[in-house]
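This is what each chain is made of:
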Amino acid sequence: MLRTPFPLHVTNIHMSKIDKGNFHESVVSISNNDIFLSVDKFPFKTSLSLSPLIAYWENKEKTDPSCNPARVRELADLLRNTSDLTGTIEQVSVIEKHMETVDILMEDIFPSALWENEMMAAVVPFHFESFYASPKLEDLKLLKGDNYAELLNLDPKTLLFRLTLSAYTLILEKFYNANFSIDEPFIFTVKDKLTGLPRHYKLLIDLKFMEVKAKGEIKKLSAQEINFLINRYNDLDLWMMKLPPENFEFSGFSLYDFTEVTNEETLSSLRLNLLDRSSVSTEEGFLNLQQKLRILFGLPDIRLGFSSCPSLHEFDTSYARRIWNGLVLTQNCDLMLKDLNNSIYEPVLRRGNTIIVEDLKQFANPTRVEQQLLESGIRNLIVAPLVYDKQIIGLMELASPIPGELNALSTIRLKELLPLFALAINRSLGELRNSIQSIIKEKYTAIHPVVEWRFTKAAVNLLEKIERNVSSEIEPIVFREIYPLYGASDIRGSATERNKAIQGDLLEQLVLAKEVILAVKDNLPLSILDELVFKIDKYSLNILNELGSGDEVLVLDFLRTEIEPLFDHFSRKRPAAQAAIQAYRNAINNPYRVVYNKRRAYEESLFMINETISTFLEREEEKAQQLFPHYFEKYRTDGLEYNIYIGSSLLNNGDYDPIYLKNMRLWQLMLTCEIARRIHKLRANLKLPLEITQLILVHSDPISIRFRLDEKKFDVDGANNIRYEIIKKRIDKATVRGSEERITQPGKIAIVYTQQKDAVEYQRYIDFLHSEGYIHEEVEHLEVEELPGVPGLKALRLSINFREELRHDIDAGDELLNIAQSASLN
């Protein structure tokens, strides 16, 4: 049986030739390009005839051994003896007049066993009015009236275009051996009598009882002409010029076979809708999805709900609630994560279970959530998790006011939908995340993960303001009542060491320059050469005594303008000087074009120290985050400094206890000892054995920090907290009262504090570190020379034990945190 569905779209054309040069298997699909068809009705003549029915059976008698010849002759005689039914039938009323005869003729076409349940009809070619139809199809009224374009969701012109193009495909097939298939059928949509919801039916057309005849001689078309037409499928005016419709006639009848495809069409439509970014983020998109689900389940009163939850700790954030279209979980609801405890939603979000509630009124102890559901008229519901990439990212709800209307069988169909909704929710979360990150990058900068929730909240609030066309000012980010920890590892005498390196390189370059002059001086008795030697010696003496701020520039300018330009002339006049010249050039063969040996040794040593400290600090700090989340930032100077902030306001859940501050302080002190021990071991491998000093600043009172939009960083907030920042900036040069001795010394840790209770607390940590072998027993109690605006500072100074092996080996896997936790801090 040849089933040819009429086309919806043509998008791709392919043709191949068989051996005889005939066209075969042309695949056609139609895009929404402009169509050209100037007629307003079907241009071909069509006529109803039952003759092809007898021709079909007679042909089958000859080709099919199982066919009953007597039955075929009986049908043929019956038709021939009814003159009104032979030839062309002008009026459908003739069929009705001889319905008993037509019933007999159609018995084998419409099997009696399927008569009541099938949706079939016989129709005039290229028309939708049936002259013979099954009862079920008659009841649906798919082929009644004249609103076919509306039932097909097509405008009349598009419907006429499709019918006309389909007629031409049959002409090409029969007379030109050019076959091209048309890929999509007609889909009829009618409303269900009981539910009022749309139902979809797919039409397949059987053309074996229809034939196309040519009137007169067939116009010849070359392969190129046929290909030309097919490539311009949308221009049927062109086709009508090449193949005038009046040259062809279609007679017989078509068989229409309808299949309900409501589920398939609805699922396909849902997939397309969920690919649209607005489907889960706008009210229109949401209502459209809800209607599609009502159609799919055949329940006109069910309600849809879905809510995003990227992770449980983000449940209470405005970020997660941006995609809340739930039954009770809405953007404006006041429900918090704690409110879900013991509710029907808890096992869904925490364990990924699907919950079916037959009747909410049967709950003996409803929580606040169930009470709100009942108040909204819901009695029966299904709540299922939305899972993407093995992670729960939200939940989906289907609810009904009728108990038991949704049941376990409903979850079978719902199972197909959950991945689609999960994909849509994940995409919307991704787009929201990108919008938030765009604001954060514009307004802030890279954000520490611990406080990202607060910046996200501010970004979401800004998005909402922009959507409401109100002030687009970003809200301030302030964290109050937090405790700071500050530490610094500095290179002792870094400025002095840098100057020594510059001195050494300049002196070496001057010596090399002098050797060049001396190599040519005896053979070139020029007084100016004596003057150049004098200047080189003078510069060398000045640098040796003290390197002034402008000496480097002055010396390099002298060498580049007065010495180096002479080298080519010296090479020609005194070839023996070539070795000295080459030695000079080799020494400055680097991007800076200066002698850079000692500076390179200084910089490489400095880099190795900073890299060792930074790598170890980052490794241990990442572990510390797992114990208790905190804000951490580090920055390099000649050494490395870092800030740590800890407190309840930094956390979204606000869960904090002072024990964590004590543990972090002990951990910081142990970390400082470990840094000193590592650098001490590293010195043997440094080109320049630099030393470091270690400083910890203790501040017992909580402070506030504010994110500065202009500087893209946190800073202390409020006049009362400024003193802490002043101490930080001035403490590195502090000395012991009454002396010139710096409070920071190599091999020691200086703990600067202001209140006696800090000394008492840290003495406990010091005792513990001594028992672990980190430090020597003696502790220096120092008073700090008064700094401008910072009186009353004191310090504890500890000597680090570099010799004794520790009871714990951090590099072998022992954790600083575990060691710290083993101490008694209460």
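Note that the structure is a prediction, hence the values are computed from the model and not measured.

Cut-offs applied
- Residues numbered from 1 in each chain as written.
- Predicted model: local features only at pLDDT ≥ 70, side-chain atom pairs only at ≥ 80, totals over all residues.
- Heavy atoms only, no water.
- Helix = DSSP H or I, 4+ residues; strand = E, 2+ residues; numbered from the N terminus.
- Buried < 20%, exposed > 50% of the residue type's maximum accessible area, 1.4 Å probe, protein only.
- Contact = heavy atoms within 4.5 Å.
- Axes fitted to C-alpha atoms, helices over the stretch in contact; angles between N-to-C directions.
- Parallel < 35°, antiparallel > 145°, perpendicular 65-115°, else oblique.
- Left-handed = near helix turned anticlockwise from the far one by under 90°.
- Nonpolar A, V, L, I, M, F, W, Y, C, P; charged D, E, K, R; others polar.
- Pairing = 2+ DSSP bridges.
- Core = buried A, V, L, I, M, F, W, Y, C linked by side-chain atoms within 4.5 Å.
- Polar contact = N/O pair within 3.5 Å; in protein donor to acceptor, adjacent residues only side chain to side chain.
- Patch = residues over 30% accessible without salt bridge, like charges linked within 9 Å, V, L, I, M, F, W, Y side chains within 5 Å.
- Areas by Shrake-Rupley, 256 points an atom, 1.4 Å probe, with all protein chains shown as cover.
- Salt bridge = Lys/Arg side-chain N within 4 Å of Asp/Glu carboxyl O.
- Phe/Tyr/Trp six-rings, centres within 6.5 Å; stacked < 30°, edge-to-face > 60°.
- pLDDT = per-residue confidence, 0-100.

### Here's the deal with the overall build of the protein
On a plain count of helices and strands, the protein comes out with 26 helices and 26 strands. Out of the 826 residues belonging to the protein, those deemed buried represent 49%. Pairs at least 24 apart in sequence give 69% of the contacts found in the protein among residues at least 6 apart.

### Some thoughts on the packing of helix α2 (residues 69–80) against helix α4 (residues 99–106)
In contact at an axis separation of 10 Å, α2 and α4 are set at 155° when each is read in the N-to-C sense. In terms of axis orientation, α2 runs roughly antiparallel to α4. The two elements α2 and α4 meet at a crossing, and its hand is left-handed. Contact residues: R71, L75, L78 and L79 in α2; T101, I104 and L105 in α4. For the contact of α2 with α4, the class distribution of residues is five nonpolar, one polar and one charged.

### A closer look at the sheet that holds strand β9 (residues 198–206)
Reading across the sheet, the five strands line up as β6-β5-β12-β9-β8 and stay open at both edges, with antiparallel pairing between neighbours. Unpaired on one side and paired on the other, β6 (130–133) and β8 (186–191) mark the two borders of the sheet. Each neighbouring strand pair of the sheet contributes to a mean axis angle of 30°, computed without reference to strand direction. Relative to strand β12 (residues 254–260), β9 is paired through six bridges, and the arrangement is antiparallel. If you follow K202 over to β12, its bridge partner there is T259. Sheet strands in contact with helix α10 (residues 262–275) are β8, β9 and β12, and its direction is about 110° off that of β9.

### Details of the nonpolar core
Grouped together as the largest cluster of nonpolar side chains are 62 residues, with contacts concentrated most on I609, F714 and I731. Aside from chain neighbours lying at most four places away, what touches F714 is V451, F455, I477, F479, Y631, I705, R706 and F707. The next biggest cluster of nonpolar side chains, apart from the first, holds 52 residues, and it includes Y148, I226, L236 and F258.

### Focus: the side chain of S489
Following the sequence through the fold, S489 ends up in strand β18 (residues 478–491). Polar side-chain contacts of S489 include one of 2.4 Å to the side chain of Q694. In contact with S489, other than residues within four places in its own chain, are I613, G639, L640, I675, T693 and Q694.

### Here's the deal with the pairing of strand β17 (residues 391–400)
With respect to burial, β17 is a largely interior element, eight of its 10 residues being buried. Note that strand β13 (residues 303–308) and β17 share six bridges and pair antiparallel. Bridge pairing links G305 to E397 in β17. As judged from the nine bridges shared by strand β16 (residues 380–388) and β17, these two strands associate in the antiparallel manner. Within the sheet, the bridge partner assigned to V383 lies in β17 and is E397. In sequence, β16 turns back onto β17 through a hairpin of two residues, with D389 there showing a positive phi of about 55°.

### Thoughts on unusual backbone geometry
Backbone phi values are negative for most residues with the exception of glycine, while trans is the configuration of most peptide bonds. One non-glycine residue, N342, adopts positive backbone phi at about 70°. Tracing the chain through its elements places N342 in the loop between β14 (324–325) and α13 (346–351). A relative accessible area of 67% places N342 in the exposed class. Here E481, not a glycine, exhibits a phi torsion of approximately 55°, which is positive. Structurally, the position occupied by E481 is in strand β18. On the accessibility criterion, E481 (54% relative accessible area) is exposed.

### Looking at a nonpolar patch on the surface
On the surface, L272, L275, Y388 and L423 cluster together to form a nonpolar patch covering roughly 390 Å² of accessible area. Relative to the elements of secondary structure, Y388 occurs in strand β16. The exposure class assigned to Y388 is partly exposed, which follows from its relative accessible area of 33%.

### Examining the environment of F479
Here F479 is to be found in strand β18. Residue F479 is classed as buried on the basis of its relative accessible area of 1%. Other than its neighbours up to four places away in sequence, F479 contacts V451, W453, R454, S649, L650, I703, S704, I705 and F714.

### Here's the deal with the sheet that holds β14
The sheet built from five strands is open, its strands ordered β14-β13-β17-β16-β15 with antiparallel pairing. Only two strands of the sheet have a single neighbouring strand rather than two, namely β14 and β15 (355–357). Packed onto the sheet, helix α11 (residues 283–297) meets β13, β14 and β17 and runs at close to 130° relative to β13.

### Notes on the packing of aromatic side chains
What the rule picks out here adds up to 31 aromatic pairs. Ring geometry for F44 versus Y168: centroids 5.0 Å apart, planes at 75°, classification edge-to-face. A residue pair is termed long-range when its members are at least 10 positions apart, and F44 in the loop between β2 (23–28) and β3 (45–49) and Y168 in helix α7 (residues 156–176) qualify at 124 residues. Of the residues examined, Y168 reaches a relative accessible area of 0% and is grouped as buried.

### Some words on the pattern of salt bridges
Overall, the coordinates contain 35 salt bridges when judged by the stated rule. Close ionic contact of D638 with R498 constitutes a salt bridge, the shortest N to O distance being 2.8 Å. Of the two residues, D638 is situated in the loop between β19 (631–636) and β20 (640–646) and R498 in helix α17 (residues 494–521); the sequence distance between them amounts to 140 residues.

### A short note on the packing of helix α18 (residues 527–545) against helix α19 (residues 551–563)
In helix packing, the relevant descriptors are the interaxial angle and the interaxial distance, both defined with respect to the helix axes. At a closest axis distance of 11 Å, the pairing of α18 and α19 adopts a crossing angle of 165°. Overall, the two elements α18 and α19 adopt an arrangement that is roughly antiparallel. The handedness of the crossing between α18 and α19 is left-handed. Contacts from L532, K535, I536, Y539 and I543 of α18 reach α19 at L554, V555, F558, E562 and I563. Here the residues of the contact of α18 with α19 are counted per class, giving eight nonpolar, no polar and two charged.

### Observations concerning the environment of K733
Take K733: it is sitting in the loop between α24 (722–730) and β24 (748–753). Of the residues examined, K733 reaches a relative accessible area of 51% and is grouped as exposed. For the pair K733 and L787, spaced 54 residues apart in the sequence, the C-alpha separation amounts to 9.3 Å.

### Considering the side chain of D206
Looking at where D206 falls in the secondary structure, it is placed in strand β9. Within the structure, D206 has its side chain in polar contact with the side chain of K208 (distance 2.4 Å).

### Some remarks on the confidence of the model for the protein
Considering every residue of the protein, the mean pLDDT works out to 84; 89% of them sit at 70 or more. Predicted confidence for residues 1–32 stays below pLDDT 50, and this span has 98 contacts to residues more than four positions away or in other chains.

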